[in-house]
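# Survey of secondary and tertiary structure
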Amino acid sequence: MRHIISILMENEAGALSRVVGLFSQRNFNIESLNVAPTEDPTLSRLTLTTIGSDQVIEQITKQLNKLVDVVKLVDLTEGVHVERELMLVKVKAVGAQRAEVKRTTDIFRGQIVDVTNTMYTVQMVGDNEKLDAFIQALGVNGILEVVRTGVSGISRGEKVLSL
Amino acid sequence: MELLSGADMLVRSLQDEGVEYIYGYPGGSALHIYDAIFRQDKVKHILVRHEQAAAHMADGYARASGKPGVVLVTSGPGATNTVTGIATAYMDSIPMVVLCGQVMSHLIGEDAFQETDMIGVSRPVVKHSFSVKHPSEIPAVIKKAFYIASTGRPGPVVVDIPKDMTAPTDRFEYEYPKKVKIRSYNPVVRGHTGQIKKAVEMMLKAKRPILYAGGGVILGKAASQFTELAKKLGFPVTSSLMGIGAYPQTDKQSIGWLGMHGSYEANMTMHHSDLIVCIGARFDDRATNNTSKFCPTAKIIHVDIDPASISKTVRADVPIVGPVDSVLNEMLELLAQAKTSPNTDALADWWKQINDWRASHSVLYTAEEDRPIKPQQAVEAMWRVTGGDAYVVTDVGRHQMFAAQYYKFDKPNRWITSGGLGTMGFGFPAAMGIKLNYPDNDVALVTGEGSFQMMMQELSTCSQFGIPVKIINLNNQSLGMVRQWQDLNYQERHSQSCMQSLPDFKMLIESYGHVALKVEKIEDLEPTLEKAFAMKDKLVFVDVMVDPKEHVYPMQIPQGSMRDMLLSKTERT
Ligand SMILES: Cc1ncc(C[n+]2csc(CCOP(=O)(O)OP(=O)(O)O)c2C)c(N)n1
Ligand SMILES: [Mg+2]
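What you see is a predicted model; the values in this text were computed from it and never measured.

### Description of the sheet that holds strand 6 (residues 128–131) of chain B
Residue and element names in this part refer to chain B. Spatially, 3-2-4-5-7-6 is the arrangement adopted by the six strands of the open sheet, whose pairing is parallel. Whereas interior strands pair on both sides, the edge strands pair on one side only; in this sheet they are strand 3 (44–47) and strand 6. Strand-to-strand twist in this sheet, taken as the mean axis angle between neighbours without regard to direction, amounts to 20°. With seven bridges connecting them, strand 5 (residues 96–102) and strand 7 (residues 156–162) associate as parallel partners. Pairing of Gly-101 across the sheet is with Ile-161, part of strand 7.

### Observations regarding the nonpolar core
Residues and elements named next belong to chain B. In terms of nonpolar packing, the biggest core is built from 60 residues, with Met-203, Phe-226, Met-270, Ile-276 and Met-331 touching the most fellow members. If near-sequence neighbours (up to four positions away) are discounted, Ile-276 is found in contact with Ile-210, Tyr-212, Met-270, Phe-283, Phe-294, Cys-295, Ala-298, Lys-299, Ile-300 and Ile-301. Ala-55, Ala-64, Tyr-391 and Val-469 belong to the second-largest nonpolar core, a separate cluster that totals 52 residues.

### A few points about the coordination of the magnesium ion (ligand 2)
Residue and element names in this part refer to chain B. Within the first shell, the magnesium ion (ligand 2) binds the protein through Glu-449 (OE), Asn-476 (OD1) and Ser-478 (O), at distances of 2.1 to 2.3 Å. One chain supplies every donor for the magnesium ion (ligand 2), spaced along it as E-x26-N-x1-S. Pair check on accessibility: Asn-476 and Ser-478 agree, each one buried.

### Focus on the domain arrangement of chain A
Residues and elements named next belong to chain A. With domains assigned, chain A is organised as domain 1 (2–79) and domain 2 (82–152). If you average the C-alpha positions of domain 1 and of domain 2, the two centres end up 29 Å apart. Counting residues at the interface gives seven residues for domain 1 and six residues for domain 2. Note on domain 1 versus domain 2: buried area summed over both sides is about 490 Å², and carbon and sulfur give 43% of it. Summed over the three residues of domain 1 that lose the most area to domain 2, namely Arg-2, Ile-4 and Asn-34, the buried surface amounts to 61% of that side. Connecting domain 1 to domain 2 are one salt bridge.

### Some points on the sheet that holds strand 1 (residues 2–10) of chain A
All names here are of chain A. Read from one edge to the other, the open sheet built from four strands follows the order 2-3-1-4, with strand pairing classed as antiparallel. Two strands close off the open sheet at either side, each with one partner strand: strand 2 (32–37) and strand 4 (70–75). Adjacent strand axes in the sheet meet at a mean angle of 15°, parallel and antiparallel pairs treated alike. Across six bridges, strand 2 lies against strand 3 (residues 43–51) in antiparallel orientation. Its bridge partner lying in strand 3, Ser-32 is registered against Thr-49.

### Focus: the pairing of strand 1 of chain A
All names here are of chain A. Here strand 1 lies mainly inside the structure; eight of its nine residues are buried. In terms of strand pairing, strand 1 meets strand 3 through nine bridges, oriented antiparallel. Bridge pairing in strand 3 places Ser-6 opposite Thr-47. Two elements, strand 1 and strand 4, share five bridges in a ladder whose sense is antiparallel. Opposite Leu-8, over in strand 4, you have Lys-72 as the bridge partner.

### Quick look at the pattern of salt bridges
Under the counting rule described, the total for this entry stands at 30 salt bridges over all chains. Between Glu-10 of chain A and Arg-183 of chain B there is a salt bridge; the shortest N-O distance is 2.8 Å. Pair noted here: Glu-10 of chain A is in strand 1 and Arg-183 of chain B is in the loop between strand 8 (171–173) and helix 8 (193–205), and the two residues belong to different chains. Arg-183 of chain B sits in the partly exposed class, given a relative accessible area of 31%. Residue Glu-330 of chain B pairs with Arg-190 of chain B through a salt bridge whose shortest N-O separation is 2.8 Å. With Glu-330 of chain B in helix 13 (residues 324–337) and Arg-190 of chain B in the loop between strand 8 and helix 8, this residue pair connects regions lying 140 residues apart in the sequence. Accessibility expressed as a relative area gives 48% for Arg-190 of chain B, which makes it partly exposed. Overlapping salt bridges bring together Glu-58 and Lys-62 of chain A together with Arg-315 of chain B as one network.

### What to know about the site of ligand 1
All names here are of chain B. Around ligand 1, 17 residues are found, and the nearest of them are Arg-398, Gly-422, Ser-451, Asn-476 and Gly-480. Interatomic distance of 2.9 Å between a side-chain N/O atom of Glu-449 and an oxygen atom of ligand 1. Within the contact set of ligand 1, an oxygen atom lies 2.7 Å away from a backbone nitrogen or oxygen of Gly-480. Those elements that place two or more of their residues in the shell around ligand 1 are helix 16 (398–406), helix 18 (449–452) and helix 20 (480–489). Grouping the constituent residues of the shell around ligand 1 by class yields six nonpolar, nine polar and two charged.

### Here's the deal with the packing of helix 11 (residues 264–272) of chain B against helix 14 (residues 344–360) of chain B
All names here are of chain B. Running from amino to carboxyl end, helix 11 crosses helix 14 at an angle of 145°, the nearest separation of the two axes being 8 Å. In the crossing of helix 11 with helix 14, the sense of the turn from one axis to the other is right-handed. Within the contact between the two elements, helix 11 uses Tyr-264, Glu-265, Met-268, Thr-269 and His-272 and helix 14 uses Trp-350, Ile-354, Trp-357, Arg-358 and Ser-360.

### Overview of unusual backbone geometry
Residues and elements named next belong to chain B. Cis peptide bonds are those with omega within 30 degrees of zero, and the linkage from Tyr-553 to Pro-554 qualifies with 0°. Relative to the helices and strands, Pro-554 is located in the loop between strand 20 (540–545) and strand 21 (555–556). The backbone phi angle of Asn-413 is positive, close to 65°, even though this residue is not glycine. Mapped onto the fold, Asn-413 is located in the loop between helix 16 and strand 16 (415–416). With a relative accessible area of 19%, Asn-413 lands in the buried category. We note that Ser-501 has phi near 55°; this positive angle belongs to a residue other than glycine. Mapped onto the secondary structure, Ser-501 falls in the loop between helix 20 and helix 21 (505–511). Ser-501 gets classed as exposed once you look at its relative accessible area, which sits at 72%.

### Digging into the interface of chain A and chain B
In this assembly, 21 residues from chain A lie in contact with 20 residues from chain B. Between chain A and chain B the total buried area reaches about 1700 Å² when both faces are included, carbon and sulfur atoms providing 44% of it. Here chain A and chain B share three salt bridges between them. Glu-58 of chain A is paired through a salt bridge with Arg-315 of chain B; the nearest N and O atoms lie 2.9 Å apart. Along the contact surface separating chain A from chain B lie 13 residue pairs in polar contact (both at pLDDT 80 or more). By residue number, the principal contributor to the side of chain A that touches chain B is helix 2 (residues 54–66) of chain A, which donates six residues. Of the residues assigned to the side of chain A that touches chain B, the class counts are six nonpolar, seven polar and eight charged.

About the thresholds
- Residues numbered from 1 in each chain as written.
- Chains lettered and ligands numbered in written order.
- Predicted model: local features only at pLDDT ≥ 70, side-chain atom pairs only at ≥ 80, totals over all residues.
- Heavy atoms only, no water.
- Pairing = 2+ DSSP bridges.
- Helix = DSSP H or I, 4+ residues; strand = E, 2+ residues; numbered from the N terminus.
- Axes fitted to C-alpha atoms, helices over the stretch in contact; angles between N-to-C directions.
- Core = buried A, V, L, I, M, F, W, Y, C linked by side-chain atoms within 4.5 Å.
- Buried < 20%, exposed > 50% of the residue type's maximum accessible area, 1.4 Å probe, protein only.
- Contact = heavy atoms within 4.5 Å.
- Donors = N, O, S within 2.8 Å, 3.2 Å for Na, K, Ca; no water.
- Domains from an automatic or database assignment.
- Buried area = accessible area lost by both parts, 1.4 Å probe.
- Salt bridge = Lys/Arg side-chain N within 4 Å of Asp/Glu carboxyl O.
- Near = heavy atom within 4 Å.
- Polar contact = N/O pair within 3.5 Å; in protein donor to acceptor, adjacent residues only side chain to side chain.
- Nonpolar A, V, L, I, M, F, W, Y, C, P; charged D, E, K, R; others polar.
- Left-handed = near helix turned anticlockwise from the far one by under 90°.

What follows is the structure, given as structure tokens:
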């Protein structure tokens, strides 16, 4: 199953490489990963998605917890949570395509954030599946470039991951 | 407050940590530090002949004493030469602090002379690492390094120190921190009481139980509690290779260690048990054989300080995360208060079965007259000569397994071996590290001519610093363990496992000013060992010519269960 693991860790040189190194060293897989400092500049928040059996996920969280730089972590998929990813897509937009791309973007509630005579850049926010669906709707032929941030997430309700 | 340079602060921090010996080798990036060492005499430096040996020396000391060993090397090749030693310590959870010089901060990343990203190179084999960013943080970094190395599940910590951090001209206020607090690092201090209760209840009900000690019992300084628990319960006691010494092996409750070359009765008892009480072992593949066939009727209680070691390879029914000493203390208290006692009738039947197993395969080699000495005989003789009380250090190979099988350990921290990484070359420097710190004890290295040649340059270090270890070379003129696998799995095609051109060990050893003895006949074996161990102040190398054909048995059959073993070249369970 796919899991979203969210990690609060020391914002220090080397911390990220320890997390990433752990995954290759122990043969765990990473689907996506993003990291940035939090409101407390000494801490970073890292979110990664991974796929594995319950036993593998248990090992992943235990091994991550062992890293000295990791302060706390949560497997968001264990509870209700909000999950988002941002995507920027450069699409060919000439002739009839211009209206078509605009319409599809509207349907998916995305925004066009940059325009030239021949292309649009579309910004899309949503969960994994929505972004995949949008790409499919556009069709590969028109797509010039895709950038995705990887999944970010937060649990619903009062629950927080903090010091 | 005093103003000190980074180099002086580093050495003062070691003094304040109570470090007596460090093991190392100088070079450009470490020269400020070496100068600071020269200008004091509390911390003594042992100059090895290869940095890998420095790491193994520190490791050996740590295994015997339970305290972190300290290594000091220069950047680049000096640092990378320690990597095998660091990995060896990491696999066996040995506390170690490795101080590495680094090129000047402003040169980092420019492929400067002797620059290596040591933090990157060592990352998969360290518990943690630090890179010093400002000289004034050196005392705090050292404090943290020792704290992390020696608490929780111990392990090696690397500290990377750019040369400008130790410059003699930049001085800062020195104060060694009394305490450390690392918000992201909080090892557990006790186990879950509810789980411990449940475990004790299961122990009292068990009909075919077995106690299983790992290296964690020794690292956690809990051998006495473990022994007390075993005596109270009357259960059979086994251990992993690393757990040897957790329980006195000459006691009748000891059934030997288990696993690939473990005793017949330990593997049989484990396989047929209904309850495994595992304290501080990690069920690695050399201990369990095929995990899907592992002990089909057993429930498992697993105590370990590292939650990641629990249910990693075999699922625990009662996981208990905590320091083994405190968990064992709680178990003992609960047992003292318990209204019921262990199931003595069932245990009597169980012991009868175990003793049958024990009797059926108690002797696994046959000594023949006028034939070469059997390696097993050499270890048994050494056990008698040293009164069973030596620190026995090994390299890796058949000699290692024979040492583990035929020397009987009654105390913890006396059996010193590279179990996890299986590093040939570990033994000699590790033995040196122990002898240096325990000069009044017998320290015996059991090695093979293959392993010994990987670190034999250290004969020179022993001359310089007067380190009189005793070396028992079980000379089978081959990479015996490799050869055994080739005999069994490759129709005796001995690809690259025969050692031609062995040195004349006598000339070699004597050229460094040590003593060399050679044994070829069984009747000379014990007297020669007596003679060697009587020379207290001399390094003595005893070259014992042993039967090159002798295999190590039992040997678990790969992919089988615990009870699937070869018992000789022709016999299997
Ligand atoms: C550094 C290293 N290289 C290779 C091996 C693989 N290996 C395991 S045992 C062994 C043979 C050891 O020979 P020797 O030291 O003579 O011991 P013996 O088995 O003959 O008693 C080898 C090559 C190893 N364990 N460590
Ligand atoms: Mg050999």
